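Tertiary structure, described
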Amino acid sequence: MTGKPDPKEPAVCEEVNGDEMQGHEPKDMDTELDLLSDRARAGGAERIENVARLLSPANLKECLGRLKRGRAAGTDGVTLEEYEGVAETALPELVERMKRMSYKPQPVRRVHIPKANGKTRPLGIPAVEDKVIQCGMTRILEAVYEADFLECSYGFRRGRGCHQALRKVDEAIMRHPVNHVIEADIKGFFDNVSHEWMLKFISHRIADKKFLRLVEKFLKAGYMEEGKLCATEEGTPQGGVISPVLANVYLHYALDLWMERKVKEECRGHVEMVRYADDFVICVQYKDEAERILAALRERLAKFGLELAEEKTRRIEFGRYAERNAKAKGRKPESFDFLGFTHYIGKTRGGAFKVGMKTSRKKLNAKLKEMTRWIKAVRNLLPLKDIWKTLKAKLSGHFRYFGVSGNYRGISKYYSGVLSIILKWLNRRSQKKSFSWKTYGKYLEKYPLPKPKIHHDFYGLKCLFVNVTEEPYVGNPQVRFCEGR
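1. Brief notes about the sheet that holds strand S9 (residues 336-338)
The three strands lie next to each other as S9-S10-S11, forming an open sheet whose pairing is antiparallel. At either end of the open sheet lies a strand with only one pairing partner, and these are S9 and strand S11 (353-359). In this sheet, neighbouring strand axes are inclined to one another by 40° on average, regardless of whether the strands run parallel or antiparallel. As paired strands, strand S10 (residues 341-347) and S11 are joined by seven bridges and run antiparallel to one another. Bridging across to S11, His343 finds its partner in Met357. Docked against the sheet, helix H6 (residues 162-175) engages S9, S10 and S11, running at close to 155° with respect to S11.

In structure tokens:
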């Protein structure tokens, strides 16, 4: 899509009689969403009416149950547990306010959390009732747009995730004549989304004016910082449940369709993009086309109020001939980062080319610093058994994400670093040391921590037979370039 979407395109679906906010009472929201998804898939470019009626008290109660417990309160100071206590009366009243169009989202409460580089990033905390409505709206948008989203999009979609995106990058380079990779980063994407374009994009598929007004209200809700109300003229709701799906909708029109229908059609060589939310890479066969794509990408994003972070965006030579060409020029082959992994030129045991993956140095250091901050904060607040319980969960989570084929050394470095950090700060709980390395080792034998383990096999036979919810290319097994064959 290169031109502006036409929000005035006439709707071809029949409008359901009755009040849009209430309508007929569904058995449950999942059933209604399945019907909505089937309707969106069968209707093609049909603009769908009457979706706001799904935000009924019963459905919002279901959404309330989906919210995570123990989170901080928004600007109104009401916690999730407190809201659940009055939900039976609060939810019908909330729906009535939406029907009267008197509902107005509260500004989010902005706090700043530390980043690995010593700086901070803003985090928005919405009010509970706003989270509930956003959850319902998110499920509606997902039901409508899942049929439209392209194969290149992997972020925040049911049955897809980071490891499917990583596997796709590996497949694109190993199975196709890729010689160049564009590593791109959109500068402050979530803070620079154009509200005007967002509403046009959503109205391209949804014709329900009440639903569109709700989206606009959330976009312009603003935030509270140090007691001051700040307006938001652009960007998605900070910390909002709805932000990820809005990002997918925005980039579906601004980037994915353009790449699929224009860029690929105009290139003579192979081109493939893999996107996870606002993080993406583009694999290209020819150097001149890679340079043209990068230049065109800047223009394309600028049209929709976005720009590339130039210090994080580049074209590199990457593929099965990259190492040979780099040696001829007297330098090392280049690498690129994607989703926390550094992708580099690797070799199989037989000496054949493969895409190697390891934990990026930046991410490894950030994770170790994060562990240091945590143990410093809790070492004198919690008993050792509670510290150990949380530590086990943190280690397991790290190994489950970073435990991919070829990265055993990376997760082992993290494990060793964590053991040293924990020993150091446990010994600083008092003037007397709690452990020596010898007693620490005995404690670990008695209360073992999770050990480094590979959870995602990208190279073995397992990758040929994967569940349909995990791999979009089931039925088309990956055929890798094997050693010397």
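2. Things to note about the sheet that holds strand S7 (residues 279-284)
In space, the four strands of this open sheet follow the order S6-S7-S3-S8, with antiparallel pairing throughout. Edge positions in the sheet fall to strand S6 (271-276) and strand S8 (314-317), since each of these pairs with one other strand and no more. When strand polarity is set aside, the average angle formed by the axes of neighbouring strands in this sheet is 20°. Relative to S7, strand S3 (residues 180-185) runs antiparallel, the two sharing six bridges. Across the sheet, the residue bridging to Asp185 is Asp279, located in S7. Set on the sheet, helix H10 (residues 243-266) makes contact with S6 and S7; between it and S6 the angle comes to about 170°.

3. Observations regarding the packing of helix H5 (residues 128-145) against H10
At a closest axis distance of 10 Å, the pairing of H5 and H10 adopts a crossing angle of 30°. On the basis of their axis angle, the class for H5 and H10 is roughly parallel. As H5 runs across H10, the sense of the crossing is left-handed. Contacts between H5 and H10 involve Thr138, Leu141, Glu142 and Tyr145 from the first element and Val245, Leu246, Val249 and Tyr253 from the second. For the contact of H5 with H10, the per-class residue count stands at six nonpolar, one polar and one charged.

4. Quick notes on the packing of helix H1 (residues 29-42) against H5
A packed helix pair is summarised by two numbers, namely the angle formed by the two axes and the spacing between the axes. Where H1 contacts H5, the two axes come as close as 7 Å, and the packing angle between them is 35°. Here H1 contributes Met29, Asp30, Leu33, Leu36, Ser37 and Ala40 to the contact with H5, which in turn contributes Gly136, Arg139, Ile140, Ala143 and Val144. Along the lines of polarity and charge, the residues of the contact of H1 with H5 split into seven nonpolar, two polar and two charged.

5. A look at a positive patch on the surface
A surface patch of positive charge is lined by Lys115, Lys119, Arg121, Lys312, Lys362 and Lys363. Residue placement: Lys312 occurs in the loop between helix H11 (287-303) and S8. Exposure remark for Lys312: the relative accessible area of 43% places this residue in the partly exposed category.

6. Some points on the environment of Val181
With respect to the helices and strands, Val181 occurs in strand S3. Overall, the relative accessible area of 0% leaves Val181 in the buried class. The spacing of Val181 and Cys283 is 102 residues in sequence and 4.6 Å in space, taken between C-alpha atoms. When sequence neighbours within four positions are dropped, the list of residues in contact with Val181 reads Ile173, Val281, Ile282, Cys283, Arg314, Arg315, Ile316, Phe318 and Phe336.

7. Remarks on the packing of aromatic side chains
Under the defined criterion, the tally for this structure stands at 21 aromatic pairs. Between Phe189 and Phe190, the aromatic rings sit 5.1 Å apart at their centres with planes inclined by 80°, giving edge-to-face as the arrangement. Judged by its relative accessible area of 1%, Phe189 falls in the buried class. With a centroid separation of 5.2 Å and an interplanar angle of 50°, the aromatic rings of Phe341 and Phe402 are classed as tilted. Residue Phe341 is found in strand S10, and its partner Phe402 is found in helix H14 (residues 384-402); the two are separated by 61 residues along the sequence. A single burial state applies to Phe341 and to Phe402, both of which are buried. Members of the aromatic cluster, connected to one another through ring pairs, are Tyr145, Phe149, Phe189, Phe190, Trp197, Phe201, Tyr250, Tyr253 and Phe304.

Analysis parameters
- Residues numbered from 1 in each chain as written.
- Predicted model: local features only at pLDDT ≥ 70, side-chain atom pairs only at ≥ 80, totals over all residues.
- Heavy atoms only, no water.
- Pairing = 2+ DSSP bridges.
- Helix = DSSP H or I, 4+ residues; strand = E, 2+ residues; numbered from the N terminus.
- Axes fitted to C-alpha atoms, helices over the stretch in contact; angles between N-to-C directions.
- Contact = heavy atoms within 4.5 Å.
- Parallel < 35°, antiparallel > 145°, perpendicular 65-115°, else oblique.
- Left-handed = near helix turned anticlockwise from the far one by under 90°.
- Nonpolar A, V, L, I, M, F, W, Y, C, P; charged D, E, K, R; others polar.
- Patch = residues over 30% accessible without salt bridge, like charges linked within 9 Å, V, L, I, M, F, W, Y side chains within 5 Å.
- Areas by Shrake-Rupley, 256 points an atom, 1.4 Å probe, with all protein chains shown as cover.
- Salt bridge = Lys/Arg side-chain N within 4 Å of Asp/Glu carboxyl O.
- Lys, Arg positive; Asp, Glu negative; His and termini not counted.
- Charge placed at Lys NZ, Arg CZ, Asp CG, Glu CD.
- Buried < 20%, exposed > 50% of the residue type's maximum accessible area, 1.4 Å probe, protein only.
- Phe/Tyr/Trp six-rings, centres within 6.5 Å; stacked < 30°, edge-to-face > 60°.

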